[in-house]
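Next come the chains, spelled out residue by residue.
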Amino acid sequence: MSVGDFLRAAWVIEGGFLVPGRPAHKACDLVLTADGVRLRADELEIALRYEDHRVGGDQSVAAGPDVWYLRPWTATRGGDPIGVAVEGHGGYERGVAALRARTRTAFNRFTSRSVDGAVAPLYPAPTISAAVDADRVVVSVLCRTLALRPTWRAALGDPAAVTALLRDVDTKDRRPRPEVTGLRRRTVETLITMRLLGYVHRLAGRPLPDVPLPPDDEVVAAVLNRLIANPTALRPDPDTVAALVHRYYLDVPPWPFDSLMPEPSRRTAG
């Protein structure tokens, strides 16, 4: 899946890259640099810290009072996400609210009638788009990655690295992997056991490119032994367990952020 309308217009700038708000002057620009994130509309600009960003499923750092995150701009009556926005809390609330006021238009007011709080539009899309949803998640995970891997931020000052990043995001798999529960009893029991043993990827279902995975026989053996020791579980089938371990853990492609990795980490991951 190629990038959607939100990321398609992104371009390299000095010190990072810019994702322009769409439509122009009716949404906020998002700028990612080594020093942090900037959110702006015309001459109004606020700074956002990577450390304060949160993404669904990542519990590695407890949320503090000052938090911001990417979210859908609005949703259908059925709850399907539409568009991209930034929500701010704590110290970010006032600035994000001011940006929302700056981008207030008749269309934005109409589409955001159910949007409460300090939420500023980045792409107030009119319709559902799977590609835009993937855009939103990959940028969100990238911001969280730069909080967890501060040494990777320096690469945003390298135009070649940023160009490679935008190319990889466009051409490689960038979709989140939602948590699954399965339908068959053996599948459900195996997936639950994997989660209990920590064999999950907490950043939207995929690993970072520098995360080493344990040997497949070690993982399969651990899951099998846990299932065998569970008196309420069905007798596990080794082939089924191995297939599920590979599909949902070992063979999940990492997020396409290799170009930001420092050279030693890149050699180790390779």
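Above this text sits the structure in question.
Values in this document were obtained by computation on a predicted structure and should not be read as measured data.

Visitor: Lay out the nonpolar core with the relevant residues and their values.
Guide: With 53 residues, the main nonpolar core has Phe 6, Leu 7, Phe 17, Leu 39, Leu 122, Trp 255 and Phe 257 as its most contacted residues. Broken down by element, the residue count for this core peaks at nine residues, all from helix H4 (residues 130–148). Apart from residues no more than four positions distant in its own chain, Leu 7 is found in contact with Val 19, Asp 135, Val 138, Val 139 and Val 169. One finds Leu 191, Tyr 199, Leu 224 and Ala 233 within the second-largest nonpolar core, a separate group that totals 13 residues.

Visitor: So, H4: which residues are in play, and what are the values?
Guide: An α-helical segment advances 3.6 residues per turn. Residues three or four places apart therefore align on the same side. Its 19 residues give H4 an end-to-end C-alpha distance of 27 Å, which sits within 8% of 27 Å, the value for a rise of 1.5 Å per residue. Among the 19 residues in H4, 17 count as buried, and that is most of the element.

Visitor: So what's going on with the pattern of salt bridges? Which residues, and what values?
Guide: Scanning all chains against the criterion turns up 17 salt bridges. Each of Arg 49, Glu 51, Asp 52 and Arg 153 takes part in one network of salt bridges that share partners.

Visitor: Kindly report on the sheet that holds strand S10 (residues 119–123), identifying the contributing residues and their values.
Guide: Spatial ordering of the open sheet is given by S6-S9-S10, a layout of three strands whose pairing is antiparallel. Looking along the sheet, the strands with just one partner apiece sit at the ends: strand S6 (67–71) and S10. The mean angle between the axes of side-by-side strands here comes to 20°, regardless of whether they run parallel or antiparallel. Of the pairings in the sheet, the one linking strand S9 (residues 84–89) to S10 comprises four bridges and is antiparallel in character. When the bridges of S10 are listed, Ala 85 appears paired with Pro 121. This element, helix H2 (residues 93–102), spans S9 and S10 of the sheet and lies at about 55° to S10.

Here is what the cut-offs are and how they apply
Residues numbered from 1 in each chain as written. Predicted model: local features only at pLDDT ≥ 70, side-chain atom pairs only at ≥ 80, totals over all residues. Heavy atoms only, no water. Core = buried A, V, L, I, M, F, W, Y, C linked by side-chain atoms within 4.5 Å. Buried < 20%, exposed > 50% of the residue type's maximum accessible area, 1.4 Å probe, protein only. Helix = DSSP H or I, 4+ residues; strand = E, 2+ residues; numbered from the N terminus. Contact = heavy atoms within 4.5 Å. Expected span 1.5 Å × (residues − 1). Salt bridge = Lys/Arg side-chain N within 4 Å of Asp/Glu carboxyl O. Pairing = 2+ DSSP bridges. Axes fitted to C-alpha atoms, helices over the stretch in contact; angles between N-to-C directions.

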